[in-house]
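Overview (structure and organization)
Residues per chain, in single letters:
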Number of protein chains: 4
Amino acid sequence: MKDTQINVLKDISLDNPIFIEALPGIGHVGKLAADHMIDELGATKFAEIYSPHFPPQVFVDEDGIVENMINEFHYLKSQGKNKRDFIILVGNAQGLSPEGQYELCDTILDFVKEYGVKEMYTLGGLAIGHPTGESRVFGAATNFEIIEILKEAGIEIRSADGGIVGASGLLLGLGKLKNLDGACLMGETPGYFIDAEAAESLLKKLTTLLNIEINTEKLDERAEETRKMILKAQQMEQEIINRNIGSGEDDLRYIG
Amino acid sequence: MKDTQINVLKDISLDNPIFIEALPGIGHVGKLAADHMIDELGATKFAEIYSPHFPPQVFVDEDGIVENMINEFHYLKSQGKNKRDFIILVGNAQGLSPEGQYELCDTILDFVKEYGVKEMYTLGGLAIGHPTGESRVFGAATNFEIIEILKEAGIEIRSADGGIVGASGLLLGLGKLKNLDGACLMGETPGYFIDAEAAESLLKKLTTLLNIEINTEKLDERAEETRKMILKAQQMEQEIINRNIGSGEDDLRYIG
Amino acid sequence: MKDTQINVLKDISLDNPIFIEALPGIGHVGKLAADHMIDELGATKFAEIYSPHFPPQVFVDEDGIVENMINEFHYLKSQGKNKRDFIILVGNAQGLSPEGQYELCDTILDFVKEYGVKEMYTLGGLAIGHPTGESRVFGAATNFEIIEILKEAGIEIRSADGGIVGASGLLLGLGKLKNLDGACLMGETPGYFIDAEAAESLLKKLTTLLNIEINTEKLDERAEETRKMILKAQQMEQEIINRNIGSGEDDLRYIG
Amino acid sequence: MKDTQINVLKDISLDNPIFIEALPGIGHVGKLAADHMIDELGATKFAEIYSPHFPPQVFVDEDGIVENMINEFHYLKSQGKNKRDFIILVGNAQGLSPEGQYELCDTILDFVKEYGVKEMYTLGGLAIGHPTGESRVFGAATNFEIIEILKEAGIEIRSADGGIVGASGLLLGLGKLKNLDGACLMGETPGYFIDAEAAESLLKKLTTLLNIEINTEKLDERAEETRKMILKAQQMEQEIINRNIGSGEDDLRYIG
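For clarity, every value in this text was computed on a predicted model and none was experimentally measured.

So, unusual backbone geometry
Not every positive phi belongs to a glycine, and Asn16(B) is a case in point at roughly 50°. Examined against the element boundaries, Asn16(B) turns out to sit in the loop between β1 (5-8) and β2 (18-21). Although it is not a glycine, Ser78(C) adopts a positive phi angle of roughly 55°. Checked against the element boundaries, Ser78(C) lands in strand β6 (residues 71-79).

So this is what it looks like as structure tokens:
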């Protein structure tokens, strides 16, 4: 696999869909919210991304079946009071290298533009490093009109006190160059555990903005599942370290 | 060398061969088992891989002869009760960068598919970080049918408690995308030494699955040889560190 | 975005312009000086660079609007006693990888050559790690004639006691290969804060060399703004660290 | 600069030349020996390599003139009792990335093959981490015939106790794939200073093998010069660190 590839699983036609992105990130806040949205609203997967820029590994599921690193596009038609269509991107990995991140985000944007996307929301967490009271939701956007809409929804504007690293930021930035507008919503979180409360706060603001309704009762349950997945990932990381210790041959880093 | 290249040394024709991979990894468990299998059954090398994604170095053998970083394909015809053909991939290196790993695994799979491969076993070690009693063998697979076959062979299914990093995992993952099925077998090992016992446990399960017989008497001897090779690799690593210390000029890492 | 792209915003024609580069670096000395020059002399942006070699992130401005990583070309016509034209390159990022730095500097040089550039000044800081008295300005150049000109301007020649890392050095080096001449001017700075005094010293030498006049009164104010921007960047860095801590999934580094 | 480029400065014709490589490495043993050989025998530069795989920086010489990272080919005609021609490769940098090292070594080998090269010697240091008595010279080779020649010259064969990292190893390895033969000679050195004695020992063995004579009186003087160059490089490294500390903006490493 030399290039990122998108496999389209189902031919669909959408009417001016809103694009929502939530790849793995801080406290899994965005991912948790988007996975929940997909389940509760019954979104359908219609395309998937495989990329040499993802980590070179597989996960193993509960049944022992290997799973590729993947990003998945789901769609929803005619949701909420405004009968809007949606494309939701979730997955288990982001690009590793800077160049890989740019290539992936560029590929993703060109793909969703083909379905008529003109606006997007990227979802993430904002790590504050200490326990939060009530989890606030912060936002940034590609233009002033959207900033005003975020303010009306009670979202705090993140002004000049930080930036956005990874796909959630880069999709907005590269989107601007492709005439796409949008906002990044970030749920405040301590940052060091899977934060279902931050995801719930984030989801409430998102549903207000999208004019849809989503039941959040099962979000805690989902957070528990995510915690298990994270634990798996951490064990894999430990395995990498062990592997490195255990094998003199493949832990050679070229230096000079 | 700008791209990975495969040199075919011998034109062969195989009948529905099973592909077995065992590149360097944790405790050299897989490599030890596969190298032993090649020797005991008299497999013949028929192709080799050189790649710019391997570490930029050579090894020096017992006679002072330099050896390239290499992956080597061997074949066996009409083995065991089922008269099956095999392709076995071993070597002294894996790709260093994520993109390099993807490119190599993709190239390997396309190559073995040309010989009619439809199923594969990837061999590795599972580091547990402390001494093992009897070394167990763990497995993961690309589908449920193979999971059942592994269970029948007394292999413990690795469920949701970890992933598989490097070629052993990626070959299965990318294989799924190419309609290849298979399993990864992992011999439990402390992870910090060359583990002939883990390799023997692994080999026993593998021969059961493959319905072939392999004498494991000389495995200890082989482990001793591997230990020497590892020692060589560790000294080389020390050399890299020394090199870096000794040369102000080539230890410059660009940061900004 | 697979390649660096230059967007030309305005068609202009320049007469033998002098190219001035000041991308982010030590103490932001060069950037501060060049940003001030652009503002005071009213330079006009005419082209911008986006690149997959920049960090994969966006900044957020005072109003919550996301800003891409970018390099920007500005021009000035008929400045100073010699009525010279100028192209000034500033921005918020440099390339991350060595290959990315080479590709960017090569692209930049080819671009400015199209406008008739034959000479250039690259601006930077020289970190000495302790407080400076009066900030001296050091220089290096592509030929002896320019070295003499620097000496006449009271610039201390940096001889064999160091090198120049990043765009300020590489532009001169690659420029030599393209028959461009020039000098790097480095304002002495402790290196660990935004140094308006070093920028002022640098700007005074630059204006002497260019035979132009620039009011430096507002430089302190600009330094304060830059300090805020830096603080933002540092918080973002902290965020990356937190993100990594908070998410087991995306802090996997492939090792073997 | 997107690719490695070789600039040929002078059209020459050589008769079955021997290729000698000595790029920066451990204790600068090889570089010191080769630079001395070039000076003492009056070799002429005829080609140079620039590459985006070199560090993105320039050096500054005694006069303040910037110098690109570079590899340089020199030639000698009709040397010693056997009237042999030589190509000698020296420089101030090696490739940084593994892929860059492979690309550079491949390019170098293809280039010297055009001049009729069939054999080569790569020169380096062997760091032992503690003071040496009399500096021994170790060797490894691409075939048994050369191993015998090395032994006859009093060179100790490095057998299975290490490998060779970087250009000195990779040129031999890739050379084997291109039907070039050769040896790597490594001067034993503590590894943490510029080792003129190790270079002298190395040069004595090399001249024996090549059947030429080289006066080594000025080698100490050259070592002193090299020490200054190294000091410059170390200061540059410190500068990189300072730069990074001093600039919040460009020390962002993308992690997730």
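As for the pairing of strand β3 (residues 44-50) of chain A
The side chains of a regular strand alternate, residue by residue, between the two faces of the sheet. All names here are of chain A. Within β3, 5 of the 7 residues are buried, which leaves the element mostly enclosed by the surrounding structure. Looking at chain direction, strand β1 (residues 5-8) and β3 are connected through 4 bridges and run antiparallel. Across the sheet, residue Asn7 finds its bridge partner in β3, namely Glu48. Pairing of β3 with strand β6 (residues 71-79), which is carried by 5 bridges, proceeds in the antiparallel orientation. Looking across to β6, one finds that Glu48 is bridged to Glu72.

Some thoughts on the sheet that holds strand β8 (residues 119-127) of chain A
Residues and elements named next belong to chain A. Here we have 9 strands laid out as an open sheet, ordered β1-β3-β6-β7-β2-β8-β12-β9-β10, and mixed in their pairing. Edge strands, defined here as strands with exactly one partner in the open sheet, are β1 and β10 (156-157). Of the strand pairs in this sheet, strand β9 (residues 137-141) and β10 are connected by 2 bridges, and their pairing is parallel. The partner of Phe138 across the bridge, within β10, is Glu156. Contacts between helix α3 (residues 144-152) and the sheet are confined to β9, β10 and β12 (181-189), with β9 contributing the most and set at about 165° to the helix. Of the strands in this sheet, β2 (18-21), β8, β9 and β12 are in contact with helix α4 (residues 167-177), which crosses β8 at around 145°.

Regarding helix α3 (residues 144-152) of chain B
All names here are of chain B. Within α3, the full set of buried residues consists of Ile146, Ile147 and Leu150. Axial view of α3: buried residues confined to an arc of 105°, hence all on one face. Of the exposed residues in α3, those oriented more than 90 degrees away from the buried face are Glu145 and Glu152. Residues of α3 that are buried sit in contact with β9 (137-141), β10 (156-157), β12 (181-189) and α5 (196-210).

A short note on the environment of Met69(B)
Residue placement: Met69(B) occurs in the loop between β5 (66-68) and β6 (71-79). Taking the C-alpha atoms as reference points, Met69(B) and Ala183(B), separated by 114 residues in sequence, lie 26 Å from one another. Sequence-distant contacts of Met69(B), that is, excluding residues within four places in its chain, are made with Ile49(B), Tyr50(B), Phe54(B), Pro55(B), Gln57(B), Val58(B), Phe59(B), Asn92(B), Ala93(B) and Tyr102(D).

Concerning the pairing of β9(A)
All names here are of chain A. The element β9 is largely enclosed, with a buried count of 5 among its 5 residues. Note that β9 and β12 share 5 bridges and pair antiparallel. Directly across from Val137, in β12, lies its bridge partner Gly187. In terms of handedness, the path from β9 via α3 over to β10 forms a crossover that is right-handed.

Notes on the packing of helix α1 (residues 29-41) of chain D against helix α5 (residues 196-210) of chain D
Residue and element names in this part refer to chain D. Following both chains from N to C, one finds α1 and α5 inclined at 60°, their axes separated by 8 Å at the closest point. Overall, the two elements α1 and α5 adopt an arrangement that is oblique. The two elements α1 and α5 cross, and the hand of that crossing is right-handed. Mapping the contact onto sequence places Val29, Gly30, Leu32, Ala33, His36 and Met37 in α1 and Ala196, Ala198, Ala199, Leu202, Leu203, Leu206 and Leu210 in α5. Looking at side-chain class alone, the contact of α1 with α5 contains 11 nonpolar, 2 polar and no charged residues.

Let's talk about the sheet that holds strand β11 (residues 163-165) of chain D
With antiparallel pairing, 3 strands are arranged side by side in an open sheet as β5(B)-β4(B)-β11(D). Each edge of the open sheet is held by one strand with a lone partner, namely β5 of chain B together with β11 of chain D. Each neighbouring strand pair of the sheet contributes to a mean axis angle of 30°, computed without reference to strand direction. Where strand β4 (residues 57-60) of chain B and β11(D) come together, 3 bridges link them in antiparallel fashion. Note on β11(D): the bridge partner recorded for Gln57(B) is Val165(D). Packed on one face of the sheet, helix α4 (residues 167-177) of chain D meets β4 and β5 of chain B together with β11 of chain D and runs near 75° to β5(B).

Notes on helix α5 (residues 196-210) of chain C
Residue and element names in this part refer to chain C. Between its first and last C-alpha, α5 extends 20 Å over 15 residues, near the 21 Å set by a 1.5 Å rise per residue. Among the residues of α5, those classed as buried are Ala196, Ala198, Ala199, Ser201, Leu202, Leu203, Leu206, Thr207, Leu209 and Leu210. Capping of α5 at its N-terminal end is provided by Asp195; its side-chain oxygen lies 3.3 Å from the backbone amide nitrogen of Glu197. Downstream of α5 by a residue or two, Asn211 has a phi angle that is positive, lying close to 60°.

Quick word on the packing of aromatic side chains
What characterises a pair of aromatic rings is the spacing of the ring centres plus the angle enclosed by the ring planes. Residues and elements named next belong to chain A. Under the defined criterion, the tally for this structure stands at 24 aromatic pairs over all chains. Taking the centre distance of 6.1 Å and the plane angle of 50° together, the rings of Phe46 and Phe73 count as tilted. Linking Phe46 in strand β3 with Phe73 in strand β6, this pair joins segments that are 27 residues apart in sequence. Accessibility assignment for this pair places Phe46 and Phe73 in one class, buried. With a centroid separation of 5.2 Å and 75° between ring planes, the pair formed by Phe46 and Tyr115 is classed as edge-to-face. Here Phe46 is found in strand β3, whereas its partner Tyr115 is found in the loop between α2 (98-113) and β8, with 69 residues between them in sequence. The burial state of Phe46 is the same as that of Tyr115; both residues are buried. One aromatic cluster is present, formed by Phe46, Phe73, Tyr75, Phe111 and Tyr115 through successive ring pairs.

Quick word on the side chain of Thr142(D)
Structurally, Thr142(D) can be placed in the loop between β9 (137-141) and α3 (144-152). Given the relative accessible area of 7%, Thr142(D) is considered buried. A polar contact of 2.8 Å, which involves the side chain of Thr142(D), links it to the side chain of Asp181(D). Discounting chain neighbours no more than four positions away, the residues touching Thr142(D) are Ile65(B), Val66(B), Leu172(D), Lys176(D), Leu180(D), Asp181(D) and Gly182(D).

Definitions and limits used
- Residues numbered from 1 in each chain as written.
- Chains lettered and ligands numbered in written order.
- Predicted model: local features only at pLDDT ≥ 70, side-chain atom pairs only at ≥ 80, totals over all residues.
- Heavy atoms only, no water.
- Helix = DSSP H or I, 4+ residues; strand = E, 2+ residues; numbered from the N terminus.
- Buried < 20%, exposed > 50% of the residue type's maximum accessible area, 1.4 Å probe, protein only.
- Pairing = 2+ DSSP bridges.
- Contact = heavy atoms within 4.5 Å.
- Axes fitted to C-alpha atoms, helices over the stretch in contact; angles between N-to-C directions.
- Arc of directions from axis to C-beta.
- Right-handed = clockwise from strand over helix to strand, strands pointing away.
- Parallel < 35°, antiparallel > 145°, perpendicular 65-115°, else oblique.
- Left-handed = near helix turned anticlockwise from the far one by under 90°.
- Nonpolar A, V, L, I, M, F, W, Y, C, P; charged D, E, K, R; others polar.
- Expected span 1.5 Å × (residues − 1).
- Polar contact = N/O pair within 3.5 Å; in protein donor to acceptor, adjacent residues only side chain to side chain.
- Phe/Tyr/Trp six-rings, centres within 6.5 Å; stacked < 30°, edge-to-face > 60°.

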